[in-house]
Structures are given as C-alpha cells and as structure tokens.
Amino acid sequence: MKVNLKRSWHTKLIYSYFPLFLLTISILIFLSFLIVNELSRNETKKADMISTRYIISTLERSLGDIEMRLLDDIGTNKMYSRFLEAQEGQLSSAFLYDAASGLGRMLDQQGTVQSIYLYRLADSRILTPRGMVNLDEFEDRAYIEQALKNRQNLGWNQPRSYKERSFDVPSQVISMNKWLPLPWGGEGLLVISIRVYALERQIDNMTDANLSFLQVKDSHNQLVYSAHQIASGDGNILNRVQSEKLGLTFESGIQTGHLYSWVSLVSYVWIGIGILTIAGAVAGLIYITRRNVRPIQLMMNRIQELQPRVQEEEAAPSVKDELALIDRALEHLIAQTVDYEKQHHENLLIHRRQLLVDLMEGERMDSFRQRLRHLLPLEERFLEPKSAAVLVSEMNGTDLPGNQNILKMALMNVFKELVQRENGLGAWAEWFGYRRLIIVVASDEKEGLSRELLIELSKQMHMWIAEHFRIRFTFGIGQTVSGWDDITRSYASADAGLQHRLTLGQDAIVLSEQLPDQTELHSYKYLQMLADIVREFRLTGDEWRTQLDQMFIAFSENQMNDKDIRMLVQSLIQMLAREFGELSERLQHQFDESTLARLRAQIQEADTLERIREILLEWLKEVYRNYVAVNETKSHRAMINELRVYIEEHFDDPDLSLKHLSDRFQISGKYASYLFKEEFDMKFVDFLVKLRVEKACRMLATSDTAIQDIAQQVGYANAISFGRVFKRVMNVTPGDYRKQFGRPEEK
C-alpha cells in the first residue's frame, strides 16, 4: 500500500512553517523599530542637552561680562571711593552730579542693565544715576535691607519686581550686589539689576519655536519664563539643567511630532529590498519543504509494509494523518525497546550479584565458569585470572537508605574505574546489603597483585569517596590467591580483618596478615578493669581516667575485635547504672533509657577506637560531676547542721569565733563564713550577736540579775561592750529595755 504524501504533507509543512516565518519577520520589524526609536530618543536628548547647556553658558557669560565691566569701572574711578568714604555734607553738589552722571553713562553703555546704584553704609545714603536719595525714600530699600542681613549672598538673585521711585512702572529684574571696596568691603554696597526681558529675548534668539521648547523656573519651581511662550505640555521634557550662578532651572525638550520625524526619511529603496528578501525567503521555504517530503514518504511506505494485513482496513482511515501514524509506530517501538533493556539490565545486575555471592560462599561452583562467561562481569581476559584478591569495603556510620540505588551504582562504578586505571587489572564490584561493597581485583599476571598495589588502590578509593561523597569506608584486604578456586579464602580473610577495624583500621585499611594469632577474650582481665573504674568513681578519685585509658590501650595492643570492644564498653555502662543510677534525680537522668539509647547508638556508629573513647569519656565526665555534686551536697548539709547546733550550745563562750570553729571542725574560717552566709543569709558575727541579744532580752525581762552579770553570761567580758552591742541591735540600752519590758517591782 503506497501513501501519497506529495500534497497533504507538503501542504502541512507549508502551513506549519509559514506562520512562524511571518511571526519572525514581524518580531524583527518590531525590534528594529524599537531600536531605531530608542536611538533616536537618545540622540535627540543628547542634542537637546548640548543646546540647553550652550544657552545657560551664554547667559552666564553675558552676565559675567557685565558684572566684570561695571566692577572694573567702579573700582578704577576714585570718585566712587571718595563717595563711600565721605561723611554727610562733605561732598559738593557738583561732585555728586558728576558721580551720578558717571553711573548714568555706565547704564547707557549696558543695554541690558536696568539700574545701578551705590549704598553708603555710614549714613544710609544712596547714589543713583538720578542723584542722591535717602534709604527711607528709596523704593528698592527692601533689597538693600535683605543684603545687609545676608552679607554672604553675593551672586545673582531670583527674578523680582523693581522700581526706584513710587511713580515708576515696575519691571522684572535679576540683581546682584558687591561690597565695596573690593574684595571684602566695609564702606558700601554696589547693586546691579539686569532686565529679565533682555534675557528672555536672548533665550528666544537661541531657540527654535518650531522644533523645541525651553522654560525657566526659580528655586521654588515656579515658572519664570517660557521661550516663545510655548508651554511644556506641547512636548516631552527631556532635560533639566540647573544654573548655579543664576539660581534658575532650565527645562527643555522637543515639540510633539518632531522627535521621530527623521524616521520617515528611510529610502523606499530599502523597503523594496526588504519585500524582495521576504519573497525570496518564501520561495526558499517552499523549495526546502518539497525536498523534505521525499524521505518522509519513504518512511511512511516502510511503516505501511510492516503493518499486519489484518489491520490494513483499520489503519486505512488513519493514513491521512501521517504524523499520528508515525508517532504510534515509534512510540510502540520505543516502549518495547525500553522495557526490554530495563528488564535485561535488572536481570543482569541480579544474576551478577548472585554469581558473586555464590563465588564468595563457595556454592554452585560446578556451573560458575559457564555463568561467568554468560554474564561477563569482567573483561574477557580476566575471566581466568592468574591472581586475584578480594577487597571488602564497609561503610562507617549509618547505613545508606534503601532507596539510594543511584548513589550505590555510582559508588560501585567509581571503585571499578579506580581499579581499572591500573594497567593489567580488572574489577568486579557488587553490593552486599546496605553497608558492604565487595570488590574482586583480578590480574592476568601471576605476580600482578602485590600487597603494596592493593594498599595503594584502597587508599585511593578511600580518599576519593571521602572527598566527593563525604562517606567514609574501611577496607579489608584479603589474601592474594591464584584463581577462582581459592577466592573464598581471600574473602574470608578480608571479612575477618574488618572485624578488627577499631584496633587495626586506623588508616581505614586492614590487611589480612595483620590479624592476631589469638583472638580469645580474657574476660577476667577486662572485668577487673571495669570494676576498678567503678570503684574509683565511688571513691570520687581521679584514677578512673587513667584506668580508662589503660583499658583502651589494652584493647589496641591485644587487637581485639570490634564486637568484644563494644560489648565491654556496654558492660561498663551497665555496671555504672546499677551502682549510681538510683542515688539522686540528677544521676537518674544520666542513666534513663533515652540517654543510654543515644549513647549506645553513638558508640555503635563510631568508626575508630579513639572516637569510642571520646564518646565514653565525655559521658563519664558528666556522670562524675553529678556524682561528686551529690556527695558534696550531703556533706555540706551535715556540716551546716553541726555548726548551728554547736554555736547554739556555746554562744555564751567569749572565745567563740571563726578561728575557734575552724580548729574545732577542721575547716577554714573562710569556708565556715561561706556556710553561714549560704544557709542563714547572714554573717557568723551577726548570727552570734543575735543569739546573745535574744538571751539577754529574756534575762532582762524575767530576772533581777545585774547587767554586768548578764553581759558575762551571754559571752561579753564587760558591761560596756555588751551595752554598745545591745543598743545597736535593739535601739535602747539594757537598762531602758528592763524598764520597758521587765517585771514590775513588788510593793
């Protein structure tokens, strides 16, 4: 059955590609417009900035020239210096007329200057081009008063309304003032005012009303002037530039409709070239799709030939949908291939692992070589090795989780690759459980497996895994044997070596030849060590630390296996729990089931003998501190009670003191004082005085005994000392106390 794809497939390709082609062209045109737009805006903004800065610099330079010329004329003319230095009535009318005329000539020479006048500080008189005037009569006196208040303001001020006489028409000016004589001045003030109108005309001459706009604002953001009376609402503000000299802000931009007008200058020639390019691309698209139809048609014909004839009628309706037919065929084929490969791989891994298990245990050896050649866990040249050895690597700490199959496969492959990097060596690695990985190293040479080589390989594996996976393994290196028949013996020796990794695996490697000849546990010897440690604990001596170190040294010297070491450590914990677990609540917490379970887990996970000793020593230190604290608390209470009873019985002894107590109870006076402070919250002296005064009060109230005798009976050598102490405590003398509380006299 042939499938005609010439029309249907070709049409589908055209319909599939053409929208994408048009979308791509549209996006390119849109991006080009955006790029041109942004370039136009940036260049326009730069040009506008240059124009605005030029206008500002021109204005500043113009005002600066006016300022310099006027200051030069004023400074070089001795007449104005004489005016500022003179007192009222010293200058003639002719002099004043000449000085005013000079100011008038300066005003005429500068067309943009509205006014110029001198203020004499000595008598508040003002010289203008019209003559002399008092400050009170001068209309611009507010500006002079402001200048007098702020002597540091010597630049151009904000635009303001100005007139000299009350009947003058006010005009907008910007002013600046200088103190005379220059540079600091102390005699008078020169004020120059420039017409704002002149500056506006200058700005208008430097701007094009049809293309751009420019507006000037003062320090309060109030509009001062807009060039050609054009507001910013008619265009986009592109730049804001502030003039420090003038104190004004210039905002400029381009009129709406002119910002992108140059884009229309694109030549129609390029438009034509673009249309021709699109037409050529469409023709090429049609040609390429037509060529691609041929291999698709061949593929469809082959798929139809492979379809069973029984299904031809069912497949006929779907022939029109070539993509669906190809998709179903490929999906079915891929699914079958994946399932087959997955099943084959899983079966291969299971069979290889079982083969290695049988090999290590010496079972089913009659069919071993046949299964070995079928499964090929090694390269063919290592299927009959001249020498072989088993490396058993066991993970320290906790087991790998059961779902970490990818990590286990990675570790297995890493071990194999590290071995196979050595020339003439093959490797076969399989996991036995979650902790143990078996590696068979094979060589096609009889002397190819030296012990040094195996040790070096184990070190490389240990370092690489610890660095990249943060997992630590201990390696047991079995004996080197001549072939598969003796490989069980190599595995047994490697496994036995791992039983001693706490004492032999300091470098994470245990050699089979390092195993001790006699591994019998001398129980009586170690049980005596445990009993000695417990006895030292009971006596609160420090020897238990030394005995603990000696026990671990004996473990290492006797090369005991890991199981026996952990068993003895657990026995020590149980003996301590029976001996001290019920003494107090603090010690009960140290021996409760949760604490002991956590301690056992840490000991079980420890991968070195030194680590077990550190864990056990840390726990023993805590137990020892609590036990010593319990003992000290008991003796502390007994000592306090004994001291209190003794003082209550002998407080009337004049020789009773801290030294007396120290000698009596064999403790230091400082410690005795500490005991009193802690138990009774008072010093020993205060406690003794309290007992003596209480007894004296009873005797004074109930007897007629002389005060001298009472003083001696409560422990004082004379009545003076007794009276002083009694008054300090009771706020009354012994005699007054007897009068207040003593029994009445018989009549």
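For the structure itself, consult the block above.
Residues numbered from 1 in each chain as written. Predicted model: local features only at pLDDT ≥ 70, side-chain atom pairs only at ≥ 80, totals over all residues. Heavy atoms only, no water.

The subject of this paragraph is the pattern of salt bridges. Applying the stated criterion across every chain, the model contains 22 salt bridges. The salt bridge involving Glu67 is made with Lys178; its shortest N-O contact spans 3.4 Å. With Glu67 in helix 1 (residues 8-76) and Lys178 in strand 5 (residues 171-180), this pair connects stretches of sequence that are 111 residues apart. Of the charged contacts, one joins Arg381 and Asp444 as a salt bridge, the two residues approaching to 3.2 Å between their closest N and O atoms. Here Arg381 is found in the loop between helix 9 (368-375) and strand 11 (387-395), whereas its partner Asp444 is found in the loop between strand 13 (436-443) and helix 11 (451-468), with 63 residues between them in sequence. Judged by its relative accessible area of 45%, Arg381 is partly exposed. (Salt bridge = Lys/Arg side-chain N within 4 Å of Asp/Glu carboxyl O. Helix = DSSP H or I, 4+ residues; strand = E, 2+ residues; numbered from the N terminus. Buried < 20%, exposed > 50% of the residue type's maximum accessible area, 1.4 Å probe, protein only.)

Let's shift gears to the sheet that holds strand 11. With mixed pairing, five strands are arranged side by side in an open sheet as 12-13-11-14-15. This sheet does not close on itself; its edge strands, each paired only once, are strand 12 (425-432) and strand 15 (509-511). Neighbour-to-neighbour, the strand axes of this sheet turn through a mean angle of 20°, independent of strand direction. Across five bridges, strand 11 lies against strand 14 (residues 473-477) in antiparallel orientation. Directly across from Val392, in strand 14, lies its bridge partner Gly476. (Pairing = 2+ DSSP bridges. Axes fitted to C-alpha atoms, helices over the stretch in contact; angles between N-to-C directions.)

A few words now on the side chain of Arg613. Along the chain, Arg613 turns up in helix 19 (residues 609-650). Look at Arg613 and you get buried, because its relative accessible area is 19%. Dropping the residues within four chain positions of it, Arg613 is found in contact with Asp549 and Phe552. (Contact = heavy atoms within 4.5 Å.)

Empty space within the second largest pocket amounts to approximately 360 Å³. The wall of the second largest pocket is formed by Glu346, Leu349, Ile350, Arg353, Asn405, Lys408, Met409, Met412, Glu430, Trp431, Phe432 and Gly433. Going through the elements one at a time, helix 8 (322-361), helix 10 (405-420) and strand 12 are the ones with two or more residues in the lining of the second largest pocket. Taken together, the residues of the lining of the second largest pocket break down into six nonpolar, two polar and four charged. (1 Å grid on protein atoms, 1.4 Å probe; cavity = no way out; pocket = protein on both sides within 12 Å on 5 of 7 lines; lining within 4 Å. Points joined across faces, edges and corners; volume = space filled by probe spheres on them. Nonpolar A, V, L, I, M, F, W, Y, C, P; charged D, E, K, R; others polar.)

In terms of burial, strand 5 is a largely internal element, eight of the ten residues being buried. Bridge count between strand 4 (residues 160-162) and strand 5: three bridges; the pairing is antiparallel. Across the sheet, the residue bridging to Ser161 is Gln172, located in strand 5. One ladder, built from eight bridges, connects strand 5 with strand 6 (residues 188-195); its direction is antiparallel.

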